[in-house]
Structure formats: C-alpha cells, structure tokens
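# Reading the structure
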Amino acid sequence: MITKKYKELYGIKIFNKNIQNNHRDYNAKGLEILFKNEEKHFWFITRKEFILKKVNKYLRKNDKIIEIGAGTGNIARYLRENGFINICVGEMHLNGLLFAKSYGIEECYQFDLLDSPFEKEFDAVCMFDVLEHISDDYSALLNVYKMLRDKGKIILTVPAHMWLWSRYDAIACHKIRYSKKQLTKKLKDTGFKVIETKYFFSSILPLLILREFLHKDNRNPVKQEEYDIYLYINPIVNKILLKIVRIENSIHNFLPNLVGGSLLAIAEKKS
C-alpha cells in the first residue's frame, strides 16, 4: 500500500523532489561513476553473482521485490534477467533512477527510506551496500519492516569490520563498517528473525588490509578528484581478481566464515 502522494516525472514516481544532490548519506555524483564502472569492475560483477545465489535460495521468481538505494538499478536488472520479473527500484537521487529506466526497469520510485511511502507492500526488500550510508540505521530498518508483508524478507549487504576502514569509506559516504554481531543485533532489535549472515570477499582481505594501511582516512572533506579515481583499477589486476573472487564464490559454502570484506544478511518479518 502506498501511503503518500507523489508526482510522476519521466515515468518515475516522485515522493520527495527536494532531496539534494550532495545529500550527506550519498552524493548523486557517485552514481555517474558507478554507471561507468559497475559492468566491468570485478567487485560489482562478483557481488551481484554472489547475491543472485542467495536471492535464488530465499525468494520466489514471482515475489514482489524492491531494491532500495538501488543506485543505477544494475543489480535489479541482473535479477530481472535471471527470472525475477516483479522487481522495482527505489532511490533518492533522480539521476540513478534515470539510469535504471535506461536499463528497462519500469517501476521506479524516488524517496528517502527514512520517510518511506510504503506499508505492507513487498515480499522482499533488498538493500545492497546501502545501510552503512544511513546515520539512523535503526529507523531505516524499522521502515523496511513496515514495508514488508508478513514473513517478507530483507536481503542486504554491508561493508564489514571497522578495522578495514580507509579513505575509500569516506569517499563512498560510509558511516560504519559492520561486524556480524552488530548487524544481527540491529535486525533483531527492529523485529526481524535472522535467517543467515555470511561474510564474503574473504579472498581479497589482504588487499583490503593493505588499502587501509596505504590510504588511511585523514577525515578531511572529500575532493572531486577523489570521487573521480576511487573506482579505478588496473585492467590486468581486475581480470585476476575477477577470477579469484569467482573461485571464492563457487566454494563459499565450504570455507570458514570468520572475516571478509563484506557481510550479507537475510532476515524475515515475523508474522
């Protein structure tokens, strides 16, 4: 059920037209950089492949799904290409939704999760590297809970371990990197039954530790040139890491799950 009024622009339902491009949770400029990189960067490719395995495990092909903080809609498009036909996207920045439209995603909603216009509308809410951008993550999860139908599921990924914090987190407008214990507690405190939590990107952990050492966060304001280069990766290194992480993903269920660069969680709304 939609509980708030909206206007339509370019086929997009607009609930909050006053969101600023330089919003403190995420700068709209970052979406243009994502659009240029997410079809070729190993991290984005292997993340959506890992996510698809989990979505296939827990959701039905005809479930009504929304991806919140969808960015350009790249993962939503990937899920739709793999049979999830009833999927829509929510994003606070209009430029991201225009990218999603260019991908052929029909149902696009512009809104702020902290002022959600939905109630008991979806079988599943997906948030892929979104929660860490929101200072009031507790309220964000409460609103997701309200958006879900009974026994609806939330599937989310977040960056893991504060000891991996680097300048790249500041550039990406992160507020936190989560431990499994922290995220589980947040989900339980907001009413969810936690089904599964898994670290991933474990194979590149040495590189993330090196990144933290070489690119410590100096806490200064982020400069434009930092936005422009932070996703750059040498093409040869990119191909090597793509193969390494794909191997990790293929044997993930057989690996110890103590640490990783990212964390996935699946939880269910109690009926």
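Residue indices follow the written sequence of each chain, beginning from 1 at its first position. Totals for whole chains, interfaces and linings use every residue, but because this is a predicted model, local features are given only for residues with pLDDT of at least 70 and side-chain atom pairs only at 80 or more, for both listing and counting. In computing side-chain properties, one takes all heavy atoms of the structure into account and sets aside hydrogens as well as water.

## A closer look at the overall build of the protein chain
We count it as follows: For the purposes of this entry, the term helix denotes a DSSP run of H or I that reaches at least four residues, the term strand denotes a run of E that reaches at least two, and both are numbered from the N terminus. Atoms considered for the radius of gyration are the C-alpha atoms alone. The globule rule reads 2.2 Å times the number of residues to the power 0.38. A simple rule labels every residue: compare its accessible area, found with a 1.4 Å probe on the protein chains alone, to the largest value its type can have, and call it buried under 20%, exposed over 50%, or partly exposed in between. The contact rule is simple, with two residues in contact once any of their heavy atoms fall within 4.5 Å. Residue burial considers only the protein chains on display, and all accessible areas are found by Shrake-Rupley using a 1.4 Å probe. In this tally, Lys and Arg are treated as positive and Asp and Glu as negative; His is ignored, and so are the chain termini. Lys charges are placed at NZ, Arg charges at CZ, Asp charges at CG and Glu charges at CD.
Assigned secondary structure in the protein chain consists of 10 helices and nine strands. Here the C-alpha atoms of the protein chain give a radius of gyration of 18 Å, agreeing with the 18 Å that 2.2 N^0.38 yields for 271 residues. By its C-alpha atoms, the protein chain is 50 × 40 × 35 Å across when sized along the principal axes. Put simply, the protein chain has 271 residues, and 56% of those count as buried. For the protein chain, restricting intrachain contacts to residue pairs at least 6 apart in sequence, the fraction spanning at least 24 positions comes to 79%. With the model as given, the accessible surface of the protein chain reaches about 13,200 Å², and the carbon-plus-sulfur share is 55%. Across the protein chain, 44 positive and 32 negative side-chain charges occur, with their mean positions spaced 3 Å apart.

## Quick look at the sheet that holds strand S6 (residues 122-128)
Worth spelling out the cut-off: In short, DSSP must find at least two bridges between two strands for them to pair. Only C-alpha atoms enter the line fits that serve as axes; for helices the fit covers just the stretch in contact. Angles between N-to-C directions range over 0 to 180 degrees.
Spatially, nine strands are ordered S1-S2-S5-S4-S3-S6-S7-S9-S8 in an open sheet, and the strand pairing comes out mixed. At either margin of the open sheet sits one strand with a lone partner, and together these are strand S1 (7-9) and strand S8 (192-200). Between one strand axis and the next, the sheet turns through 20 degrees on average, direction left out of account. With two bridges connecting them, strand S2 (residues 12-14) and strand S5 (residues 108-110) associate as parallel partners. Of the residues in S5, the one forming a bridge with Lys13 is Tyr109. Running over the sheet, helix H3 (residues 74-81) touches strand S3 (65-68), strand S4 (87-91) and S6 and is turned about 175 degrees from S4. This element, helix H5 (residues 137-147), spans S3, S6, strand S7 (148-159), S8 and strand S9 (262-269) of the sheet and lies at about 145 degrees to S7.

## Digging into the nonpolar core
As a reminder, the rule being used: By nonpolar core is meant a set of buried Ala, Val, Leu, Ile, Met, Phe, Trp, Tyr and Cys residues that side-chain atoms within 4.5 Å join together.
The biggest cluster of nonpolar side chains holds 38 residues, and the ones touching the most others in it are Val89 and Ile155. If one sorts the elements of this core by residue count, helix H2 (residues 42-58) sits on top with seven residues. The residues touching Val89, leaving out its near neighbours within four places in the chain, are Ile66, Glu67, Ala70, Gly73, Ala76, Leu97, Ala100, Ile105, Glu107, Cys108 and Tyr109.

## Observations concerning a nonpolar patch on the surface
For the record, the criterion: Patch definition: residues with relative accessible area over 30% and no salt bridge; like charges joined within 9 Å; nonpolar side chains (Val, Leu, Ile, Met, Phe, Trp, Tyr) joined within 5 Å. Whenever a carboxyl oxygen of Asp or Glu lies within 4 Å of a side-chain nitrogen of Lys or Arg, that contact is scored as a salt bridge.
Side chains of Trp163, Ile209, Leu258 and Val259 sit close together on the surface and give an oily, nonpolar patch of about 410 Å² of accessible area. By secondary structure assignment, the location of Leu258 is in the loop between helix H10 (235-250) and S9. Of the residues examined, Leu258 reaches a relative accessible area of 67% and is grouped as exposed.

## As for the environment of Asn249
As for its position among the elements, Asn249 is in helix H10. Sequence separation between Asn249 and Thr46 is 203 residues, and the spatial gap between their C-alpha atoms is 7.9 Å. Other than its neighbours up to four places away in sequence, Asn249 contacts Thr46, Phe50 and Lys53.

## Some thoughts on the packing of aromatic side chains
What counts here: Two rings belonging to Phe, Tyr or Trp (six-membered ring only in the last case) form a pair when the distance between their centres is within 6.5 Å. Interplanar angles under 30 degrees mark stacking, angles over 60 mark edge-to-face geometry, and anything in between is tilted. Here, over-ring charges are defined by two tests on the NZ atom of lysine or the CZ atom of arginine: distance to the ring centre within 6 Å, and angle to the ring normal within 35 degrees.
Enumeration according to the criterion identifies 13 aromatic pairs in this entry. Between Tyr6 and Phe15, the ring centres sit 5.3 Å apart and the planes meet at 55 degrees, which makes this aromatic pair tilted. Take Tyr6: its relative accessible area is 36%, and that puts it in the partly exposed class. With relative accessibility at 17%, the residue Phe15 sits in the buried group. Ring geometry for Phe118 versus Phe122: centroids 5.1 Å apart, planes at 70 degrees, classification edge-to-face. The residues Phe118 and Phe122 share a single accessibility class, namely buried. An aromatic cluster of three or more residues is present, and its members are Tyr6, Phe15, Tyr109, Phe111, Phe118 and Phe122. We note Arg77 situated over the ring of Tyr103; from NZ or CZ to the ring centre the distance is 3.8 Å.

Fair warning: the whole summary comes from geometry, so function is off the table for now.
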